[in-house]
Amino acid sequence: MCGRTACSLNPDTLSRACGYKDATGKQPITSWAKNDVQYTPSCNIGPKDVLPCLVAGSHVNLEDERALCAMFWSMIPPWHEGDYRKFNLSTHNARLENIKTSTLYGPPLRNGQRCVVVCEGYYEWKAGKTKKDPKQPYYIYATQKEGVRADDPTTWKDEWSEELGWQGFKMLKMAGLFSVFKTGDGKTIHSCTVITTNSNDVMSGLHGRVPVFLTTEEDIQTWLNEDLSAVEAVDKLNKLTLSPGDLTWHTVSTLVNNVLCKSDNCRRETKPLEEKKTNPSGFMASWLQKGSTESDKRKSTETEETDQVPSKSTKKT
């Protein structure tokens, strides 16, 4: 599944990072569609926050082949009434196996309302060895060039040209579906869901479900092609698989567990929780070390005193 993502690039930089090769062979900057929800860069984006998504330009009244659109992350049911943020269904993920027959996801799929969710990485939680052990959060991202750290933006380049396109941080792109919801006060809200599938050997040790990743420009073009039927679109996704080396991941702190915590520390690499339990650090480690040292001193003193005092069983000569 996918329940948290990170996307910290500002809107202008993201426009360059989502460039694509058009019919002329050049790579234009991707324009943002006008919308009634706004994308805010964050290292901890959760369901019912706002995600950046790629869509065919025609869906947002743009002549461009492709556009960026800020979307509410959790597909709003068309039968919902009232505040668009308040509904009880969990709709931030859609299972690939069920989308064709789903009453919620089937219509957008058949109407060609397909999108690509863009992020720098996403989080997943791995269960502990026992039920009492806390789940270990991981940050998962596209494998980067040597020297580029996913948790350190100071190592990222910000380079783009029409000839070469984006040369900066390699983004993750996930297949999604979207719908359009009209509020009572006349606002237009685009909302989306991330399509997930069963993990293969690459990720199965971490979690049983993964987003459907679009790892090539051809994959993205195919998924956003409005002429593709629903059956053909799903068939294309079923044939996509992760290869070893596509993704990298590292352990992060439980700060990310709180969706209100949006800081860069959420994705910063940390020691695994198990290792922290066996190798305490900070004040506790100092306290334990001090206690151990004092204990050793007492044992040493006691040993010295014992060595100096004759045993009661020692005979005098």
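Preceding this paragraph is the structure being described.
Thresholds, definitions, all that
Residues numbered from 1 in each chain as written. Predicted model: local features only at pLDDT ≥ 70, side-chain atom pairs only at ≥ 80, totals over all residues. Heavy atoms only, no water. Helix = DSSP H or I, 4+ residues; strand = E, 2+ residues; numbered from the N terminus. Buried < 20%, exposed > 50% of the residue type's maximum accessible area, 1.4 Å probe, protein only. Contact = heavy atoms within 4.5 Å. Areas by Shrake-Rupley, 256 points an atom, 1.4 Å probe, with all protein chains shown as cover. Pairing = 2+ DSSP bridges. Axes fitted to C-alpha atoms, helices over the stretch in contact; angles between N-to-C directions. Salt bridge = Lys/Arg side-chain N within 4 Å of Asp/Glu carboxyl O. Phe/Tyr/Trp six-rings, centres within 6.5 Å; stacked < 30°, edge-to-face > 60°. Disulfide = S-S within 2.5 Å.

**Q** So what's going on with the overall build of the chain? Residues and values would help.
**A** When you go through the chain residue by residue, the secondary structure sums to six helices and 15 strands. Out of the 317 residues in the chain, the part that is buried amounts to 44%. Restricting to contacts in the chain with at least 6 residues of sequence separation, those with at least 24 account for 68%. For the chain, the exposed surface amounts to about 17500 Å²; the carbon and sulfur share of it is 50%.

**Q** Run through unusual backbone geometry, naming residues and quoting values.
**A** Phi at Asn 61 is positive, roughly 60°, even though this residue is not glycine. Phi at Ser 74 is positive, roughly 150°, even though this residue is not glycine. Structurally, Ser 74 is set in the loop between β5 (66–73) and β6 (93–95).

**Q** Now, about the sheet that holds strand β15 (residues 247–251): what can you tell me, with residues and values included?
**A** Pairing is antiparallel in the open sheet, where five strands are placed in the order β3-β1-β8-β9-β15. Across the chains shown, the open sheet's two edge strands, defined by having one partner strand only, are β3 (42–45) and β15. The mean angle between the axes of side-by-side strands here comes to 25°, regardless of whether they run parallel or antiparallel. Note that strand β8 (residues 121–126) and strand β9 (residues 136–142) share five bridges and pair antiparallel.

**Q** Explain the pattern of salt bridges to me, and be specific about the residues and the numbers.
**A** The full count for this structure, using the stated rule, is 13 salt bridges. Among the salt bridges present, the one from Glu 269 reaches Arg 149, with a minimum N-O distance of 3.6 Å. One end of the pair, Glu 269, is in the loop between β15 and α5 (273–278); the other, Arg 149, is in the loop between β9 and β10 (160–161), with 120 residues separating them in the sequence. With relative accessibility at 39%, the residue Arg 149 sits in the partly exposed group. Look at the salt bridges and you will find they share partners, linking Glu 120, Asp 264, Arg 267 and Arg 268 into a network.

**Q** A description of the packing of aromatic side chains should follow, citing residues and the corresponding values.
**A** Counted according to the given criterion, the structure contains seven aromatic pairs. Relative to Phe 87, the ring of Phe 72 has its centre 6.5 Å away and its plane inclined at 65°; by these criteria the two rings are edge-to-face. You can see Phe 72 sitting in strand β5 and its partner Phe 87 sitting in the loop between β5 and β6, a full 15 residues away along the chain. In this structure Phe 72 comes out as buried when scored by relative accessible area, which is 2%. By relative accessible area, which is 9% here, Phe 87 ends up buried. A centroid spacing of 5.0 Å and a plane angle of 40° characterise the contact between Tyr 123 and Tyr 139, whose relative ring orientation is tilted.

**Q** Can you break down the state of the cysteines residue by residue, with the values?
**A** Disulfide: a covalent bond formed between the sulfur atoms of two cysteine residues. A complete count under the given rule lists zero disulfides for this structure. You can see Cys 7 has no disulfide; the closest cysteine sulfur is in Cys 119, sitting 6.8 Å from it. Of the residues examined, Cys 7 reaches a relative accessible area of 0% and is grouped as buried. Cys 261 supplies the cysteine sulfur nearest to Cys 266, a cysteine that is in no disulfide, at a spacing of 3.7 Å. With relative accessibility at 0%, the residue Cys 266 sits in the buried group.

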